[in-house]
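Tertiary structure, described
In case you want the letters, here they are:
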Amino acid sequence: MTVTISPLDRKLLRDLWHLRGQAIAIALVLAAGVALFVTLLGTMRSLGDTRDAYYERYRFADIFAPVKRAPNQLRVELARIHGVAAVQTRIFSGVTLDVPGLAEPATGQLVSQVDPTTGSLNNIVLRSGRLLAPGADDEVIISNAFADKNDLGPGDSIKAVLNGRRQQLRIVGTALSPEFVYALSPGTIVPDDRRFGILWMNRDALAAAFDLEGAFNAVALKLQRGASEPAVIAAVDRILAPFGGTGAFARQDQTSHFFLTGELDQLAGFSRLIPPIFLAVAAFLLNIVVTRLIATEREQIGLLKAFGYSDIAVATHYAKLVLAITAAGIIVGLAAGTWLGLSMTSYYTRFFQFPFVYFRPQPDLFAFATAIAVAAALLATATTLRRIMRLTPAVAMSPPAPPSYRHSWLDHRSLIAWLGQPSRMILRHITRWPLRAALTTIGLSMPVAVLITSFFFFGAIEAFIDFHFDQTARQDVTMTFFEPSQADVRRTLAHLPGVLAVEGYRAVPAKLTSGTRQKRVAITGYPQGADLSRLLDGALQPITLPAEGLLLTTRLADFLAARPGDTVTVSVMEGRRPTREMPVVGLIESYLGIGAYMDLAALNRLMLEGPVLSGAYLMTDAAEEERLYRALKDSPAVAGVALRRTALESLRDTLAENLLISVTFTTAFATIIAFGVVYNSARIALSEQGRELASLRVLGFTRGEVTYILLGELAILILVALPIGSLIGYGLAAAILHGLNNDLYRIPLVVTPATYGYAWTVVVVASLLSSLIVARRIGQLDLIAVLKTRE
Amino acid sequence: MSIDPNRRRVSLCPPDGPNQQPPELSHINAFLRGALRVSAAHGLNSRPIEATEHPLVAGSQPQTEIAPAFRVRGLTKTYQTDGIAVHALRGVDLDIATGELLVLVGPSGSGKSTLLNILGGLDKPTEGDVFFHDAALTRMTTSDLTTYRRHHVGFVFQFYNLIPSLTAVENVRLVTEIATDPMSPEDALAMVDLTDRIDHFPSQLSGGEQQRVAIARAIAKRPEVLLCDEPTGALDSHTGIVVLEAIERVNRELGTTTALITHNAAIGMMAHATVRFHDGKIAGIERNPNRQPANSISW
Ligand SMILES: Nc1ncnc2c1ncn2[C@@H]1O[C@H](COP(=O)(O)OP(=O)(O)OP(=O)(O)O)[C@@H](O)[C@H]1O
Ligand SMILES: [Mg+2]
């Protein structure tokens, strides 16, 4: 069997070979777009599917409610709430841990565990060891990541102070739980698996330790399909209120779920933002390359038509060329996207704690990516293809009118007067094709913008750290007490080794209501003149705490639509649960969490209690750290200890890893765009101006001078693109942060000069390299051929 | 017709006619400075021209024994295309005297353009030597040839090769900006009678006008050599004569050594001599004792 290739198809192959450099550059930009699309959406789906399957199989609850101490009988009443499918009453508590090999105290989240086979909720996934023996009061199962990071496993033991009693806990197993996919200790935004772990214990053991016999202090509910979440929450709150319920909340406010879902939303946001940029740039490049191609093949088109090829046949021929390049881009993109998606998903499974991962091939996603890439390519070249159809043989075969230049505004200014002729050529060329110059500029500004969107995080996080850790929460140690303690605990703390200063605080859960808007937050009371943990205003200046009234964080004020001078209703959900109208007297800036602040004494008065504290901030002497840590590990009253140093470390470590990956990829992808745009623009300039440039060489212009004329235009466009790209990048960064920032943390919109510097450098270097590849061709210009032929 | 293929010499004709002036001394001095620059600056010439060696510079003015501008010896050029050798030049010897206007004619493919391109430093021969005064073009590097073209050669081509984005005067300025001792662009355009169109872009000029801009651009740097490849090829006869007048004037007034390729034998009437090419060789040289002004030629 012989395969005969039609002459047109042979021409197609030859054209492709001839255009291979440009075709590859375009295919790569397109591939980057397709790959990013498949990666981001594929990862998002995989994670989403994994999460849903995990939640389903291990019965992750829908509603959660903490309570101070509720009798077990209340379970029946909770189960009777309309729409509730299952109830799990539990005991939850924070605990200070002494982990072998760890100098500082770690924090544990104690969770009562019942037999997971009983059809309960929030079931654990045992990864090693065994379940708790019934009745065992010193056995724990610990979370997998905590075990890994501390090199612990079944057979090891850790020490904890359970309600004042120092106790040795034997580890019998390690586990995962849908509740702690993203395990955060309170008040942090990145996991620190070395210093925070989940500990599952038998309920009876916990009940005994925390004086909760016959009672529970947490409840989880599973809803029936179609049940009303707010209605159930209201009912739960009503039932638990007399027992110190501090407010039920739904899944979307559960920390682990909140972060996991936030990550998925971010992926979705990126998949809408970034791939279209690449597709648009690829479409633009296809457009200019095909337009140039048919300009050079005008006569051939005329000949083909004169020979009797139909308009459609000729247009199809060029459409095939477009599709061949597009197909190459799509194939590479799908392959790269699948590979990237796999690595990204497996990266996420290390970051989030999943027992399994769903990553299935996604034919619909592939089809969708292919469809939009083909559509973008055809759309980009549609007008050009139509022009091919319209071209009559007679017109096609007469040479095109020479590019006609006219005097423009450039000539009427003194602007051009001092320029040499080569520079005039450059400027005239730009003003002759202003649209193309504008699109090229935008194309070149995109990699700048894309780079900024990823690189700016470094600076923004530093600004966040500076604000939060250096200006606001300056204390070295944050302690949380099990129970509100008398204020004279300060004196005890001051005597701990290495403690230089102590400031107590009081924090109570409360509902703030303004009009129809309501938010569950903590009201924190600070002593007058607090200097360790400070409250700063919008200008980042310390605020003098007013003796009465509330200070709200700006985000909370926005949510409640409350301004200074307005009044909000405060319903405290602790102690005697007072409800008061209180004036808002000021706003404060906060990057970590939202909340309300007031004078400590005023809060104690509001609570109808004496001078009590919920915890304390310490300033410590680094030299005495070891001794202080030992004391804290043994301290019975402490439910949690947060250290500034380790919080900063884990924040930086996590971000460094995340950002490094994202910056590496964006740099690679941005380089592809910059390279693709510059290479194609330079090749087209060379093709269009080759004759002029060769003529200049004949006239005795050096290669350097001719290179200047060829690349000068691009250099100008790049110089314009840098600030434009920076502006776009700033806008994109703002949009990304807008989507990212939430009630738990806020990254400030700070784009540092280093960010711009990095983006500019990458784009300039990529542009230089690609233009030098083209500039080499100036040496290969055929000076003689140009003299023999008419343009 | 018997032709000695080994050595042809075209001697410098004393200027004939009242309008013809001897080459200007100052101009030749300027040229020699250029030649020295080409050869000495690049260290390529084994024997750089010493100023005192040249009789003209020494002060005497022998009009007949002046060294030729070009000496061509045993020049061959062979193109290898798909294993088939095309002999564009097969052993050409030729001397071109300084200040002479030479017309090259011959059938298509006989090698005229090939020779002109080698003289102009655009191409390199396969074998043989070309001396521009004492500088061996054949031994120059590409960048030396660029310098040579930049300072010593003016080109005029059939298809004008103007820069479309530059006006007439800017096209000329393009060259004067990089020349050492140029005339003003306006003067160069005046020499080709184009004073009134200097701010027009090429697309706003007729073919003849474009060709005259090209001539102005070629001569504005006061080149020693003007090489014209079918300058009238794309023009009607009337316009062609206007262009030829411009070339004639440049040759006469600036003493520019000029070689002009044409398919129109009548143009030989304005030249000092006509060189006939055939099949890569010189088939004959005809001196022209009775030069006619360009405007008297018709075809
Ligand atoms: N780049 C090339 N590759 C192969 N052969 C070439 C090349 N350039 C010229 N030739 C051949 O060299 C020979 C001489 O060409 P040249 O251009 O010098 O002819 P010419 O006398 O100027 O002809 P015309 O009057 O048509 O311009 C021709 O046979 C031509 O085909
Ligand atoms: Mg020729």
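A few words on the environment of A:Val95. Residues and elements named next belong to chain A. Here Val 95 lies in strand β3 (residues 92-98). Here Val 95 falls in the buried class, since its relative accessible area comes to 0%. Distance in space between the C-alpha atoms of Val 95 and Ala 106 is 8.5 Å, their sequence separation being 11 residues. In this structure Val 95 touches Ala 106, Thr 107, Gly 108, Leu 110, Ala 160, Val 161, Leu 162 and Ala 639, once residues within four positions along its chain are discounted.

This next bit is on unusual backbone geometry. Residues and elements named next belong to chain A. Positioned with a positive phi, Arg 59 is a non-glycine residue whose angle comes to about 55°. Within the secondary structure, Arg 59 is located in the loop between α2 (20-57) and β1 (63-71). Judged by relative accessible area, which is 29%, Arg 59 ranks as partly exposed. The backbone of Asn 122 sits at a positive phi, close to 50°, despite the residue not being glycine. Locating Asn 122 in the fold gives a position in the loop between β4 (106-113) and β5 (125-129). Taking the relative accessible area as the measure of exposure, Asn 122 reaches 2% and is therefore buried.

Applying the stated criterion to the full structure yields 36 aromatic pairs over all chains. Ring geometry for A:Tyr526 against A:Tyr617: centres 5.9 Å apart, planes inclined by 80°, an arrangement best described as edge-to-face. Note that A:Tyr526 is positioned in strand β14 (residues 517-526) and A:Tyr617 in strand β19 (residues 612-620), a separation of 91 residues in sequence. For the pair A:Tyr526 and A:Tyr617, a shared accessibility class is recorded, and that class is buried. Aromatic pair B:Phe70 and B:Phe132: ring centres 5.3 Å apart, planes at 45°, arrangement tilted. Pair noted here: B:Phe70 is in strand β1 (residues 70-81) and B:Phe132 is in strand β4 (residues 127-132), with a separation of 62 residues, a long-range link. The aromatic ring of A:Trp17 is capped on one face by A:Arg20, whose charged end is 4.1 Å from the ring centroid. A cation over an aromatic ring shows up here: A:Arg432 above the ring of A:Trp433, its NZ or CZ 4.8 Å from the ring centre.

This next bit is on the site of ligand 1. Residue and element names in this part refer to chain B. Taken together, 15 residues form the shell around ligand 1, and within it Ser 108, Gly 109, Lys 112, Ser 113 and Thr 114 come nearest. Here Gly 111 contributes a backbone N or O atom positioned 2.9 Å from an oxygen atom of ligand 1. Contact with the protein chains covers 68% of the free accessible surface of ligand 1, which is 630 Å². Those elements that place two or more of their residues in the shell around ligand 1 are β1, β2 (84-96) and α3 (112-119).

We now examine the confidence of the model for chain B. Taken as a whole, chain B shows an average pLDDT of 79; of its residues, 78% reach a score of 70 or greater. Segment residues 1-65 of chain B: pLDDT under 50, and 99 contacts once partners within four positions in sequence are set aside and those in other chains are kept.

Listed per partner, the contact involves 29 residues of chain B and 29 residues of chain A. Together chain B and chain A conceal approximately 2,800 Å² of surface at their shared face, both sides included; 60% is due to carbon and sulfur atoms. Across the chain B-chain A interface, the total number found is three salt bridges. We note a salt bridge from B:Glu170 to A:Arg428, for which the minimum N-O separation is 2.7 Å. For the interface between chain B and chain A, the tally reads 11 residue pairs in polar contact (both at pLDDT 80 or more). For the side of chain B that touches chain A, the secondary-structure elements that each account for two or more residues are α4 (142-152), β6 (153-157) and α5 (168-176) of chain B. Each residue belonging to the side of chain B that touches chain A can be placed in one class, and the counts come to 12 nonpolar, eight polar and nine charged.

Residue and element names in this part refer to chain A. The alternating pattern of strand β15 (residues 550-553) places Leu 550 and Leu 552 on one face and Leu 551 and Thr 553 on the opposite face, and all of these are buried. With four bridges connecting them, β15 and strand β17 (residues 579-588) associate as parallel partners. Bridged to Leu 552 within β17 is Leu 587. Strand direction decides the pairing type here: β15 and strand β18 (residues 596-599), joined by two bridges, are antiparallel. Paired with Leu 551 across the bridge in β18 is Tyr 597.

Its place among the elements puts B:Glu170 in helix α5. Residues in contact with B:Glu170, not counting those within four places in the same chain, are A:Gln421, A:Arg424, A:Arg428 and B:Ser165.

All right, on to the packing of helix α13 (residues 421-432) of chain A against α5(B) then. Look at α13(A) against α5(B): their axes get within 9 Å of each other, and the N-to-C directions meet at 135°. Our classification of the angle between α13(A) and α5(B) gives oblique. Residues A:Gln421, A:Pro422, A:Arg424, A:Met425 and A:Arg428 of α13(A) form the contact with α5(B), whose own contacting residues are B:Glu170, B:Arg173 and B:Leu174. Here the residues of the contact of α13(A) with α5(B) are counted per class, giving three nonpolar, one polar and four charged.

This model, assessed by the stated rule, comprises 50 salt bridges over all chains. As a salt-bridge pair, A:Arg251 and A:Asp62 come within 3.4 Å of each other at their nearest N and O atoms. Remark: A:Asp62 occurs in the loop between α2 and β1 and A:Arg251 occurs in the loop between β11 (249-250) and α7 (255-296); sequence separation between them is 189 residues. The exposure class of A:Arg251 is buried, given its relative accessible area of 19%. We classify A:Asp62 as buried; its relative accessible area is 13%. With a shortest N-O distance of 4.0 Å, B:Arg222 and B:Asp181 are connected by a salt bridge. Placement of the pair is B:Arg222 in the loop between α7 (207-219) and β7 (225-229) and B:Asp181 in the loop between α5 and α6 (185-191), with a sequence separation of 41 residues. The partly exposed category is assigned to B:Arg222, whose relative accessible area is 30%. One salt-bridge network, held together by shared partners, links A:Glu104, A:Asp192, A:Arg195, A:Glu625, A:Arg645 and A:Glu649.

Before going further, it helps to spend a moment on a nonpolar patch on the surface. Residues and elements named next belong to chain A. A cluster of nonpolar residues, Leu 303, Phe 307, Tyr 309 and Met 397, forms a patch on the protein surface that exposes about 390 Å² of accessible area. Topologically, Phe 307 is positioned in the loop between α8 (298-306) and α9 (311-351). Residue class for Phe 307 comes out exposed when judged on its relative accessible area of 63%.

Okay, the sheet that holds β1(A) next. Residues and elements named next belong to chain A. The antiparallel open sheet is built from four strands, whose spatial order is β2-β10-β1-β11. The sheet terminates laterally at β2 (84-90) and β11, the two strands that pair on one side only. Packing of helix α6 (residues 229-240) onto the sheet brings it into contact with β1, β2, β10 (215-223) and β11, and relative to β1 it is tilted by some 10°.

Take the sheet that holds β2(B) next. Residue and element names in this part refer to chain B. Taken together, the four strands give an open sheet; going across it, the order is β2-β1-β4-β5, and neighbouring strands pair in antiparallel fashion. Looking at the sheet topology across the chains shown, the edges are occupied by β2 and β5 (135-136). Taken strand by strand, α3 contacts β1, β2 and β4, and its axis lies near 120° from that of β1.

On to helix α1 (residues 7-18) of chain A, then. Helix length check: α1(A) (12 residues) gives 16 Å between terminal C-alpha atoms against 16 Å at 1.5 Å per residue, within 8%. On the buried face of α1(A), the contacting elements are α7, α8 and α9 of chain A.

Residues and elements named next belong to chain B. Taking 1.5 Å per residue, 13 residues should reach 18 Å; α7 reaches 18 Å between its end C-alpha atoms and fits that length. The buried fraction of α7 amounts to 12 of the 13 residues, a majority that puts the element mostly inside the structure. Turning to α7, its buried residues are Gly 208, Glu 209, Gln 210, Gln 211, Arg 212, Val 213, Ala 214, Ile 215, Ala 216, Arg 217, Ala 218 and Ile 219. If you follow the buried residues of α7, they end up packed against β6, α5, α6, β7 and α8 (237-254).

Residues and elements named next belong to chain A. According to the domain assignment, chain A consists of domain 1 (63-254), domain 2 (411-473 + 644-791) and domain 3 (499-620). Spacing between the C-alpha centres of domain 1 and domain 3 amounts to 28 Å. Between domain 1 and domain 3, the contact holds 10 residues from the first and six residues from the second. Taking both sides of the interface into account, the surface hidden between domain 1 and domain 3 amounts to around 600 Å²; carbon and sulfur atoms contribute 51%. One can count one salt bridge joining domain 1 with domain 3. With its nearest N and O atoms 3.5 Å apart, the salt bridge here joins Asp 237 to Lys 511. Applying the counting criterion to the domain 1 and domain 3 interface returns four residue pairs in polar contact (both at pLDDT 80 or more).

Rules and cut-offs
- Every residue gets a number counted from 1 within its own chain, in the order that chain's sequence is written.
- Here chains are named by letter from A upward and ligands by number from 1 upward, in the order in which they appear as written.
- Given that this is a predicted model, residues contribute local features only at a pLDDT of at least 70 and side-chain atom pairs are listed and counted only at 80 or more, while totals for whole chains, interfaces and linings are drawn from all residues.
- Note that the side-chain values use all heavy atoms of the structure and ignore hydrogens as well as water.
- What counts as a helix is a DSSP run of H or I of at least four residues, what counts as a strand is a run of E of at least two, and both are numbered from the N terminus.
- Categorising residues by exposure relies on relative accessible area from a 1.4 Å probe, with only protein chains included: less than 20% of the type maximum marks a residue as buried, more than 50% marks it as exposed, and the intermediate range marks it as partly exposed.
- Throughout, a residue-residue contact means that at least one pair of heavy atoms, one from each residue, lies within 4.5 Å.
- Any pair of Phe, Tyr and Trp rings, taking the six-membered ring for Trp, is counted once the centres come within 6.5 Å. Such a pair is stacked with planes under 30 degrees apart, edge-to-face with planes over 60 apart, and tilted for the rest.
- Throughout this description, the term charge over a ring refers to an Arg CZ or Lys NZ atom that lies within 6 Å of the ring centre and within 35 degrees of the ring normal.
- Here a residue is near a molecule or strand as soon as one of its heavy atoms is found within 4 Å of it.
- Identification of polar contacts relies on pairs of N or O atoms within 3.5 Å, with a donor-acceptor requirement for protein atoms, meaning one able to donate a hydrogen and the other able to accept it, and with residues adjacent in sequence counted only if both atoms are side-chain atoms.
- Each accessible area is a Shrake-Rupley estimate made with a 1.4 Å probe; only the visible protein chains count as cover when residues are assessed.
- The predictor rates its confidence in each residue with pLDDT, a number between 0 and 100.
- Values labelled buried area give the accessible surface lost by two parts on being combined, using a 1.4 Å probe and summing over both.
- Put simply, a salt bridge is a Lys or Arg side-chain nitrogen that is within 4 Å of an Asp or Glu carboxyl oxygen.
- Charged means Asp, Glu, Lys or Arg here, nonpolar means Ala, Val, Leu, Ile, Met, Phe, Trp, Tyr, Cys or Pro, and polar covers whatever is left, Gly included.
- Pairing between two strands is assigned when DSSP locates at least 2 bridges connecting them.
- A fitted line through C-alpha atoms represents every axis, and for helices the fit uses only the stretch in contact; the resulting angles, taken between N-to-C directions, go from 0 to 180 degrees.
- For classification purposes, an angle smaller than 35 degrees is called roughly parallel, one larger than 145 roughly antiparallel, one from 65 to 115 roughly perpendicular, and anything else oblique.
- Note that patches include only residues with greater than 30% relative accessible area and no salt bridge, and the join distances are 9 Å for like charges and 5 Å for nonpolar side chains (Val, Leu, Ile, Met, Phe, Trp, Tyr).
- What a helix is expected to span follows from its residue count: subtract one and scale by 1.5 Å.
- Where each domain begins and ends follows an automated or database-derived domain assignment.

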